[in-house]
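Okay, here's what each chain looks like letter by letter:
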Amino acid sequence: METAAFTIYDASAGSGKTYTLTKEYLKILFLARTDDAYRKILAITFTNKAVEEMKSRIVSSLYQFSIDDTSDKAMDLLRDVSKDTNLSITTIKDKSKAIIKNIIHNYAAFDISTIDKFTHKVIRTFAQDLDLPPNFEVSLDTDSLLQEAIDLVISKAGDDVNLTKLLIEFSKDRTDDDKNWDISAELLKVAQLITNENNAEEIKEMSEKSLDDFGVIKKKLQEEIKKLKSDSAEAGKNLKEYIVSKGANLASFPKYFNDHLNNIEKNELKDTQKKYFVPEDIKILKSAKDGALIESIIDEILAQLNMIYEKLGKLAMYDAFLQNLNPLSLINTIYQEFKKIQQEQNLVSISDFNKIIHNEIQNQPAPFIYERLGEKYRHYFIDEFQDTSVMQWQNLIPLIDNALAGQDDYGQKGTLLLVGDPKQAIYRWRGGKAEQFIDLTKEDLSYNPFSNKDKETLRLGTNYRSYSEVIQFNNAFFKQLSDKFQNEDYRNLYENLSHQEINSKIGGYVNLSFIDVPEEDDEVEGFDSDNDSITLKDKYYLNQTLKTIQKCLENGFEYKDVVLLTRTKAPGIKLANFLTENSIPILSSETLLIQNATEVKLLIALLRYLKNPKDDQSKIHFLYFIAKYLQTDLEVHDFILFTKDKNATDLESFLKTIGIEISFKNCKKKSLYEAVEVLIATFLNDKVNTSYLQYFLDLVLEKDVKVQSSIADFLDYWDKIGFKKSIPSPEGTNAVRIMTI
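How each quantity is defined
Residues numbered from 1 in each chain as written. Predicted model: local features only at pLDDT ≥ 70, side-chain atom pairs only at ≥ 80, totals over all residues. Heavy atoms only, no water. Helix = DSSP H or I, 4+ residues; strand = E, 2+ residues; numbered from the N terminus. Contact = heavy atoms within 4.5 Å. Areas by Shrake-Rupley, 256 points an atom, 1.4 Å probe, with all protein chains shown as cover. Lys, Arg positive; Asp, Glu negative; His and termini not counted. Charge placed at Lys NZ, Arg CZ, Asp CG, Glu CD. Core = buried A, V, L, I, M, F, W, Y, C linked by side-chain atoms within 4.5 Å. Buried < 20%, exposed > 50% of the residue type's maximum accessible area, 1.4 Å probe, protein only. Salt bridge = Lys/Arg side-chain N within 4 Å of Asp/Glu carboxyl O. Pairing = 2+ DSSP bridges. Patch = residues over 30% accessible without salt bridge, like charges linked within 9 Å, V, L, I, M, F, W, Y side chains within 5 Å. Expected span 1.5 Å × (residues − 1). Arc of directions from axis to C-beta. Axes fitted to C-alpha atoms, helices over the stretch in contact; angles between N-to-C directions. Parallel < 35°, antiparallel > 145°, perpendicular 65-115°, else oblique. Nonpolar A, V, L, I, M, F, W, Y, C, P; charged D, E, K, R; others polar.

A. Representation of the overall build of the protein chain in the model. When helices and strands are tallied, the protein chain shows 29 helices and 11 strands. Seen through its principal axes, the protein chain has C-alpha atoms that stretch 100 × 85 × 65 Å. Within the protein chain, counting contacts between residues at least 6 apart in sequence, those at least 24 apart form 74% of the total. Of the roughly 41000 Å² of accessible surface on the protein chain, 50% is carried by carbon and sulfur atoms. Between the centroid of the 94 positive side chains of the protein chain and the centroid of its 117 negative side chains there is a distance of 1 Å.

B. The nonpolar core, seen in detail. Counting residues in hydrophobic clusters, the biggest one holds 54 residues, and the most contacted among them are Ile-243, Ile-301, Leu-305 and Ile-334. Going through the elements one at a time, α6 (142-155), α7 (161-176), α8 (184-191), α9 (200-206), α10 (211-245), α11 (255-265), α12 (291-329) and α13 (331-344) are the ones with two or more residues in this core. A total of 14 residues in this core trace back to one element, the largest contributor, which is α12. Those residues within four positions of Leu-305 in sequence are excluded, and the remaining contacts are Leu-239, Phe-257, His-260, Leu-261, Ile-264 and Tyr-276.

C. Broad picture of the pattern of salt bridges. Enumeration according to the criterion identifies 30 salt bridges in this entry. For Asp-84, the salt bridge is made with Lys-27, and the minimal N-O distance between the two is 3.5 Å. Of this pair, Asp-84 sits in helix α3 (residues 72-85) while Lys-27 sits in helix α1 (residues 17-31), and the two are 57 residues apart along the sequence. Judged by its relative accessible area of 14%, Asp-84 falls in the buried class. On the basis of relative accessible area, Lys-27 is assigned to the buried category, the value being 7%. Here Asp-538 makes a salt bridge to Lys-574, at a shortest N to O gap of 2.6 Å. Of this pair, Asp-538 sits in helix α20 (residues 536-554) while Lys-574 sits in helix α21 (residues 569-581), placing them 36 residues apart in sequence.

D. Examining the pairing of strand β11 (residues 736-740) more closely. Across four bridges, strand β9 (residues 563-566) lies against β11 in parallel orientation. Across the sheet, residue Thr-566 finds its bridge partner in β11, namely Thr-740. As judged from the three bridges shared by strand β10 (residues 586-588) and β11, these two strands associate in the parallel manner. Note on β11: the bridge partner recorded for Ser-588 is Ile-738.

E. Spatial organisation of the pairing of strand β2 (residues 41-45). Most of β2 is tucked away: five of the five residues are buried. Residues Ile-41, Ala-43 and Thr-45 point to one face of β2 and Leu-42 and Ile-44 to the other, with burial holding for every one of them. As defined by bridge partners, β2 adjoins strand β6 (residues 379-382) across four bridges and the pair is classed as parallel. Within the sheet, the bridge partner assigned to Ile-41 lies in β6 and is His-379. Two elements, β2 and strand β3 (residues 112-114), share three bridges in a ladder whose sense is parallel. Following the sheet pairing, Thr-45 is matched in β3 by Thr-114.

F. Seen up close, the environment of Lys-484. Here Lys-484 is to be found in the loop between α18 (468-482) and α19 (488-496). Spatially, the C-alpha atoms of Lys-484 and Tyr-494 are 10.0 Å apart, while their sequence positions differ by 10 residues.

G. Seen up close, a nonpolar patch on the surface. Nonpolar side chains collect at one region of the surface, where Val-563, Leu-565, Met-739 and Ile-741 lie side by side and expose about 420 Å² of accessible area between them. In this structure, Val-563 sits in strand β9. Judged by its relative accessible area of 44%, Val-563 falls in the partly exposed class.

H. Layout of helix α28 (residues 691-707). Here α28 is 17 residues long and its end C-alpha atoms lie 24 Å apart, about the 24 Å a rise of 1.5 Å per residue gives. Taken together, the buried positions of α28 are Leu-693, Phe-696, Leu-697, Leu-699, Val-700, Lys-703 and Asp-704. For α28, the angular spread of buried residues about the axis comes to 160 degrees, placing them on one side. In the core, the buried residues of α28 are packed alongside α6, α22 (598-611), α27 (672-683) and α29 (711-720). Positive backbone phi, approximately 45 degrees, marks Gln-708, located one or two places after α28.

I. Spotlight on the packing of α10 against α11. Two numbers describe how α10 lies on α11: the axes approach to 7 Å, and their chain directions differ by 140 degrees. If you check the angle between α10 and α11, you find them oblique. Counting all contacts with α10, which are made through Ser-232, Ala-233, Gly-236, Lys-237, Leu-239, Lys-240 and Ile-243, the residues of α11 involved are Leu-261, Asn-262, Ile-264 and Glu-265. Split into classes, the residues belonging to the contact of α10 with α11 amount to five nonpolar, three polar and three charged.

J. View of the environment of Asp-72. Relative to the assigned elements, Asp-72 resides in helix α3. Judged by relative accessible area, Asp-72 falls into the exposed class, the value being 63%.

Structure, rendered in structure tokens:
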């Protein structure tokens, strides 16, 4: 069966995407003349989990094909492969044995990887050509490097006059806005723009601007803001005078409308305050004797208000721009330090991978870094294409084009298979662009970037995963949603290309509930009447969620069958706290944070005490742990009271009497990792294998080995970035999952 050089599968959720990928991969293996065709195939996906799933699916399929007692599921796939390849089942079974044996002996050449891993491989291979040290290390912790760069920039305050002035102004602006004077957190947010592909062009333009250039822009903005404030205040005054000049009385309007005009005149109008756009918005008091007169001038009042709103809108934009100008003007300075740190530490940030290749292959008809790789791979599979970033795709095009344009020694042409679903695009924030997928599916050849225009687009139209009610709800929902899109491509996608056929699973359940919250209600089930830390609306939502979970349990489901989705983290935290109080086991991003583990809290408190023995808060924290878990003679309160004022030597002596031997002085002399090991052996010996503790130890080891961090250095890193680290979500836990969309 002849296949196109370039095949695109539009695969909605549950439509058999992995099955199709596996089948197409196996077809190439079985049609090849040799048993090592997998060496010529590169399959790319986004996550390590997806890589593992695809590898195991292919290997297990080959294994099932090779044995006599092939499972029913594998037999269905075997028949499909046989039909598509015109090979007999016996031939495929015999070939499977040879192929799987070859893969076992050459597993490293079985190339299914994440796109980042592939890019790393390219960069590593051509490090010298790309002016990189051949033994560079990859840094996954980009934020840590950025924070280090920011600290270096701030440390130059006092040496560079312009930089010092800018940093002081930035700190003053923050304190004027009642924010923390410490600007490092704000600078980190801005610095993260450097590593985001979405901002690559803008960052490139800004890199050419000096601090003086930003100073000129700032001065101009301040002048414009001053003028706009003056003009809008004058316009507000003129509007009041106009109303009076027409013989109308301002007292004929409600107080809030007069307050509105006064706020405009005093430059005190807030964005949240009501604005007036149509005649119905402006009310006239019933007692007013000049109602008819006011109605005759309402159109002019609205016209003048509209002009004022335009000025205020421009003022708000300039104001917002001015507030962000100080951190933005430092972006180039931070970026230079960021690059310098990488060079000094022999590092390459993972965020730079795509940029390095992109900069190298631009304007090269046959990029040299692909010459060797181009001969290696003849077949390409790209999964989740809707999340491939623009830069990643542009980097792959020359390599794939080389394969599609030629044939191997046996006359077999190269192929590309893309699988994706624009509706599932979730990585726009990091450069992913679903429009790339939509454009490639169009018949217009101008959207096909390859010299070989042989292309085919196929839709996987049946949802094999979901029950009929869910599929039918989605079909109806997408159809209704389609006319809300202004973009024609998206309108067509949801109206004509999103319908899925149902499978044999009949049933399922979809329910949309809208909760009516009364304006006042002192008593809410499950909450104290004096508990005002949670809003009335939240109380109703939390209660309804608990009832729904309990109903699911009554219907035979388990906790692990339930997932709660929230738009942001804040409601997720409220849900987690409420459900925990009601003895519902939960699993969320918050529960996976290592900073929330009791063992990690103890170690951080002990490290803080080692750094500063006068840190009473940290001292009491680890004494509380000892009192609660490592002794039984005294009540917790009495134990802390008895030990909190003891110096290090006396405390060591006392701890020895209850079986805890530790020398804080010796701990300080050890390396960071050795010190933490001693603390764990002393206080947490029975919990050494917990996942939180192991992950924390890995973090400590990385900092100790790579940058020889001291205890103070590690605590500084922890307070800025380390506390955000979390362990991977454990499989098989019977708990309700809480996550953001």
